[in-house]
Amino acid sequence: MATPMNSKSLSADMPEIARRIREAGLKATPQRLAIYRELLVTDEHPTIETIHQRVLAHQPALPIGTVYKTIESLELAGLVSEVSLPGNAKRYDANIERHHHLVCTRCHRVTDFIDPALDDIRPAARLRGFRATEVKIQIIGICSICQKSDPKA
């Protein structure tokens, strides 16, 4: 499993990003490198549209369709995962280490959350024959920033 990288290490480590892409069985195209890098350097869980806008600064001719196809290929290769939020656009996360998410109902911010107790949840006995392969937990509420801006929250 890939080791998380922070933006400082990634800004100068395109060879590492290319290596990860190639090890996942994909070609390390300039578009794929730029899109994957954008996901690796942020903890914001961006939408396709946000990724597209950010990558356009470096690749002005990049069609949004390429971003959709690239994200799909990165997801199938196990390099990124989708974060689905009810009523909102799909978001994407390059942190493929085991973690959960805190989701703010006001600003829609998604924050990574690690809790070993949640990792130990084993619902298999209660699933009526369904075999779980993964458990992802989203904790829904109001983030600290929104609480500060609205004391009634």
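That block above? That's the structure.
Okay, so let's go over this structure. (Residues numbered from 1 in each chain as written. Predicted model: local features only at pLDDT ≥ 70, side-chain atom pairs only at ≥ 80, totals over all residues. Heavy atoms only, no water.)

Examining the nonpolar core
Core analysis: the largest hydrophobic core is formed by 21 residues, its most contacted members being Ile-35, Tyr-36 and Ile-71. Within the residue set of this core, elements represented by two or more residues are helix H2 (14-23), helix H3 (30-41), helix H4 (48-56) and helix H5 (64-76). It is H3 that provides the largest number of residues to this core, a total of six residues. Excluding its chain neighbours within four sequence positions, the residues that come into contact with Tyr-36 are Ile-17, Arg-20, Ile-21, Leu-74, Leu-79, Val-80 and Ala-94. (Core = buried A, V, L, I, M, F, W, Y, C linked by side-chain atoms within 4.5 Å. Buried < 20%, exposed > 50% of the residue type's maximum accessible area, 1.4 Å probe, protein only. Helix = DSSP H or I, 4+ residues; strand = E, 2+ residues; numbered from the N terminus. Contact = heavy atoms within 4.5 Å.)

Concerning H5
The end-to-end C-alpha distance of H5, which contains 13 residues, comes to 19 Å, matching closely the 18 Å that a straight helix rising 1.5 Å per residue would cover. Along H5, the residues classified as buried are Val-67, Thr-70, Ile-71, Ser-73 and Leu-74. Projected onto a plane normal to the axis of H5, the buried residues spread over an arc of 165° and lie on a single side. Facing away from the buried side of H5 by more than 90 degrees, the exposed set consists of Lys-69 and Leu-76. Against H3, H4 and strand S2 (91-93) lie the buried residues of H5. Looking one or two residues past H5, Gly-78 carries a phi angle of roughly 85°, positive in sign. (Expected span 1.5 Å × (residues − 1). Arc of directions from axis to C-beta.)

Quick notes on the packing of H3 against H4
Two elements in contact, H3 and H4, have axes whose closest approach is 10 Å; the angle formed by their N-to-C orientations is 115°. With respect to each other, H3 and H4 are oriented roughly perpendicular. Here H3 runs over H4; the crossing is right-handed. The residues of H4 that touch H3, namely those facing Ala-34, Ile-35, Glu-38 and Leu-39, are Ile-51, Arg-54 and Val-55. Each residue belonging to the contact of H3 with H4 can be placed in one class, and the counts come to five nonpolar, no polar and two charged. (Axes fitted to C-alpha atoms, helices over the stretch in contact; angles between N-to-C directions. Parallel < 35°, antiparallel > 145°, perpendicular 65-115°, else oblique. Left-handed = near helix turned anticlockwise from the far one by under 90°. Nonpolar A, V, L, I, M, F, W, Y, C, P; charged D, E, K, R; others polar.)

Some details on the sheet that holds strand S3 (residues 100-104)
Overall, mixed pairing links the three strands, which are arranged S4-S3-S5 in an open sheet. Because the sheet does not close on itself, it has two edges, and the strands there are strand S4 (110-113) and strand S5 (138-141). Strand after strand, the sheet turns through a mean of 25° between neighbouring axes, direction not considered. As defined by bridge partners, S3 adjoins S5 across four bridges and the pair is classed as parallel. (Pairing = 2+ DSSP bridges.)

What to know about the side chain of Glu-38
Locating Glu-38 in the fold gives a position in helix H3. The class for Glu-38 is buried, based on a relative accessible area of 12%. Polar contacts involving the side chain of Glu-38 include one to the side chain of Arg-54, which spans 3.5 Å. (Polar contact = N/O pair within 3.5 Å; in protein donor to acceptor, adjacent residues only side chain to side chain.)

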